[in-house]
Amino acid sequence: MFEKLKFGKTTFVIKGVNFLSLLQTFEKEKIKIYKIARTSDTQMIVVCKYKDAEKALAILKQKCYNVLEQKNNTVSTFLKNFAGRIGLIVGLSAGLLLNIIASFFVWNITLYGDGLDKEILSALKTNGVGVGTLKGFLSENDIEQILYENIEEISLVDAVFYGCNLVINYTVLTASTEEDASKANIVAKTDGIVASITVLEGTALVKPNDYVKKGQVLIAGYTDNGGEMTKCQAKGQVYAYTFKSATVEFPLEKVILTRTGKFVTNTKVLFLGSTVFENKESHTFSKFESESKEEYLTPSSALPLKIIYERIYELEEVVLTQDFASNQNNLELEARLLAFAQVEADDNIIEEKTEVNFVSNVYFVSYYIKIKEKIS
């Protein structure tokens with residue numbers, strides 16, 4: 001019954017030389033090749049249509065190739081193997097069915113948080129949620145609500161099902177501390193030099209021309225009435241001069257790599273992504289770069305044989321002398337563009353300037369932008 005269904009592919013493992021000539025013969029005889037892979041210098045795997053197998057085998061014998069293995073991958077082969085493995089298929093089906101059934105239950109609970117793991121597991125168990133619980137009776141929102149209602153110390157909770165795993169992320173409610181009082185102060189949002197300060201309520205701790213750092217208290221949340229401190233919410237505004245800057249380096253001498261004129265060439269032939277021929281030339285270049293080019297051996301042919309040429313060039317270090325004066329304008333423009341990349345569209349620009357410094361045979365071109373902005 002199965003013999004009538006023979007169609008598919010045939011795989012040959014052959015041994016010999018001059019495989020390129022063999023592939024050209026297959027193409028000439030219109031033998032469809034699906035895959036070719038060279039496993040060694042004298043051994044290759046060829047996959048063709050099953051209906052062409054007899055013709056391909058005749059060519060292999062005619063050209064004196066040694067056929068190490070011939071394997072037919074056909075419908076008849078599949079059906080015979082299928083008929084002989086009914087027991088395995090039944091076993092796999094039963095295992096799959098058990099896995100599907102098991103996927104409807106919770107088999108693991110993972111907690112991410114600090115200090116309330118025991119309380120959370122106890123609250124879940126009390127409300128009928130645990131290992132072995134049917135997921136169909138649960139929802140992520142229900143689990144979160146259980147924890148909010150039963151554990152006062154929880155601030156935030158997030159429950160998510162990942163397959164059979166219930167993952168719970170939570171954070172603990174923290175009591176207010178003295179640090180909350182610092183919210184009554186006005187602090188600096190960035191570094192700068194104080195330009196002006198206006199206090200509506202509270203106590204100023206800085207004055208114009210003071211240099212302040214990010215996070216420093218500018219207006220404190222209290223008032224001083226004859227030595228008596230009264231807490232309040234600080235109110236006011238502080239403006240400061242801040243600076244945006246960028247620096248570009250320009251060495252008078254720099255080392256670059258150039259080609260010496262020496263090179264080696266590597267060649268690789270591919271068929272459907274597999275290498276069928278490769279030739280590598282050795283070299284002793286300490287520094288090098290490579291270029292690759294690929295093309296089809298027979299552009300007008302249906303046989304997809306691709307050849308890749310890789311040329312490796314030797315490089316040497318050359319010291320290049322540069323003139324600062326002829327490049328200064330471009331360097332100042334580059335520094336200016338880098339500095340302005342840090343400026344917002346509505347920033348109040350007060351001043352711009354360029355500085356040039358020369359240290360250890362290197363010019364440093366810097367561009368500075370002075371801005372007045374609100375830092376409170």
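Above this text you will find the structure in question.
Please read all numbers here as calculations on a predicted model, not as lab measurements.

(A) Main features of the overall build of the protein chain. Each helix and strand in the protein chain was counted, giving seven helices and 21 strands. Within the protein chain, the fraction of its 376 residues that count as buried is 28%. Taking the contacts inside the protein chain whose residues are at least 6 apart along the sequence as the reference set, 64% of them involve residues at least 24 apart. Within the structure as shown, the protein chain displays about 24,500 Å² of accessible surface, and the carbon and sulfur contribution to it stands at 52%.

(B) Quick peek at the environment of Asn169. With respect to the secondary-structure elements, Asn169 resides in strand E7 (residues 165-172). A residue is classified by how much of its surface remains accessible, and Asn169, at 34% relative accessible area, is partly exposed. Considering only alpha carbons, one finds Asn169 and Gly113, 56 residues apart in sequence, at a separation of 6.0 Å. Not counting residues up to four positions away in its chain, the partners in contact with Asn169 are Tyr112, Leu156, Val157 and Asp158.

(C) Structural context of the pattern of salt bridges. Following the criterion strictly, the structure yields eight salt bridges and no others. Salt-bridge contacts for Glu352 lead to Arg336; the nearest nitrogen and oxygen are separated by 3.7 Å. One end of the pair, Glu352, is in strand E20 (residues 348-359); the other, Arg336, is in helix H7 (residues 328-340), and 16 residues separate them in sequence. Accessibility expressed as a relative area gives 33% for Glu352, which makes it partly exposed. Notably, a salt bridge pairs Glu355 with Lys353, separated by 3.6 Å at the nearest N-O pair. Residue class for Glu355 comes out partly exposed when judged on its relative accessible area of 31%. Connected through salt bridges with shared partners, the residues Arg259, Glu289 and Glu291 form a single ionic network.

(D) Representation of the side chain of Asp347 in the model. With respect to the secondary-structure elements, Asp347 resides in the loop between H7 and E20. Here Glu344 takes part through its backbone nitrogen, which lies 2.8 Å from a polar atom of the side chain of Asp347.

(E) Looking closely at the sheet that holds strand E17 (residues 274-279). Judged by pairing direction, the sheet is antiparallel, and its four strands sit side by side in the order E17-E16-E19-E18 without closing on themselves. Each edge of the sheet is formed by a strand with only one pairing partner; in this case those strands are E17 and strand E18 (288-296). Each strand of the sheet is rotated relative to its neighbour by a mean of 30°, with strand direction disregarded. Note that strand E16 (residues 253-271) and strand E19 (residues 305-321) share 16 bridges and pair antiparallel.

(F) Highlighting H7. If you check H7, its first and last C-alpha atoms are 18 Å apart, about what 13 residues at 1.5 Å a residue would give, namely 18 Å. Of all the residues in H7, the buried ones are Leu331, Ala335 and Ala339. Here the buried residues of H7 occupy an arc of 70° about the axis, which is enough to place them on one side. The outward face of H7, more than 90 degrees from its buried face, is lined by the exposed residues Asn329, Asn330 and Leu337.

(G) Seen up close, the packing of aromatic side chains. Applying the stated criterion across every chain, the model contains six aromatic pairs. The interplanar angle of 50° and the centroid separation of 5.8 Å between the aromatic rings of Phe263 and Tyr313 together place this pair among those described as tilted. In this pair, Phe263 is assigned in strand E16 and Tyr313 in strand E19, connecting sequence segments 50 residues apart. A relative accessible area of 38% means that Phe263 is categorised as partly exposed. For the ring pair Phe358 and Tyr363, a centre distance of 4.5 Å and an interplane angle of 45° mean the geometry is tilted. What links up through ring pairs into an aromatic cluster is the set Phe250, Phe324, Phe358 and Tyr363.

(H) Examining the sheet that holds strand E6 (residues 154-162) more closely. Spatially, the three strands line up as an open sheet ordered E5-E7-E6, and their pairing is mixed. Strands at the two margins of the open sheet, each flanked by one partner only, are strand E5 (108-112) and E6. When the angles between neighbouring strand axes are averaged without regard to direction, this sheet yields 20°. When E5 meets E7, the two strands line up parallel, connected through five bridges. For Thr110, the partnering residue across the bridge sits in E7 and is Val167. Taken strand by strand, helix H5 (residues 117-126) contacts E5, E6 and E7, and its axis lies near 140° from that of E5.

(I) Looking closely at the packing of H5 against helix H6 (residues 140-150). Two elements in contact, H5 and H6, have axes whose closest approach is 10 Å; the angle formed by their N-to-C orientations is 115°. Taken together, the axis directions place H5 and H6 in an arrangement best described as roughly perpendicular. By crossing handedness, the relation of H5 to H6 is classed as right-handed. In contact with Ile120, Ala123 and Leu124 of H5, H6 contributes Ile143, Ile146, Leu147 and Asn150. Its residues placed into classes, the contact of H5 with H6 shows six nonpolar, one polar and no charged.

(J) A look at the nonpolar core. Ranked by size, the top nonpolar core spans 22 residues in total, and within it Ile14, Leu22 and Phe26 carry the most contacts. At the level of secondary structure, the elements contributing two or more residues to this core comprise strand E1 (8-15), helix H1 (19-28), strand E2 (33-40), strand E3 (43-49), helix H2 (53-62), E16 and E19. By size, the runner-up hydrophobic cluster in this structure holds 20 residues, among which are Leu116, Val157, Ile168 and Tyr170.

Calculation criteria
- Residues numbered from 1 in each chain as written.
- Predicted model: local features only at pLDDT ≥ 70, side-chain atom pairs only at ≥ 80, totals over all residues.
- Heavy atoms only, no water.
- Helix = DSSP H or I, 4+ residues; strand = E, 2+ residues; numbered from the N terminus.
- Buried < 20%, exposed > 50% of the residue type's maximum accessible area, 1.4 Å probe, protein only.
- Contact = heavy atoms within 4.5 Å.
- Areas by Shrake-Rupley, 256 points an atom, 1.4 Å probe, with all protein chains shown as cover.
- Salt bridge = Lys/Arg side-chain N within 4 Å of Asp/Glu carboxyl O.
- Polar contact = N/O pair within 3.5 Å; in protein donor to acceptor, adjacent residues only side chain to side chain.
- Pairing = 2+ DSSP bridges.
- Axes fitted to C-alpha atoms, helices over the stretch in contact; angles between N-to-C directions.
- Expected span 1.5 Å × (residues − 1).
- Arc of directions from axis to C-beta.
- Phe/Tyr/Trp six-rings, centres within 6.5 Å; stacked < 30°, edge-to-face > 60°.
- Parallel < 35°, antiparallel > 145°, perpendicular 65-115°, else oblique.
- Left-handed = near helix turned anticlockwise from the far one by under 90°.
- Nonpolar A, V, L, I, M, F, W, Y, C, P; charged D, E, K, R; others polar.
- Core = buried A, V, L, I, M, F, W, Y, C linked by side-chain atoms within 4.5 Å.

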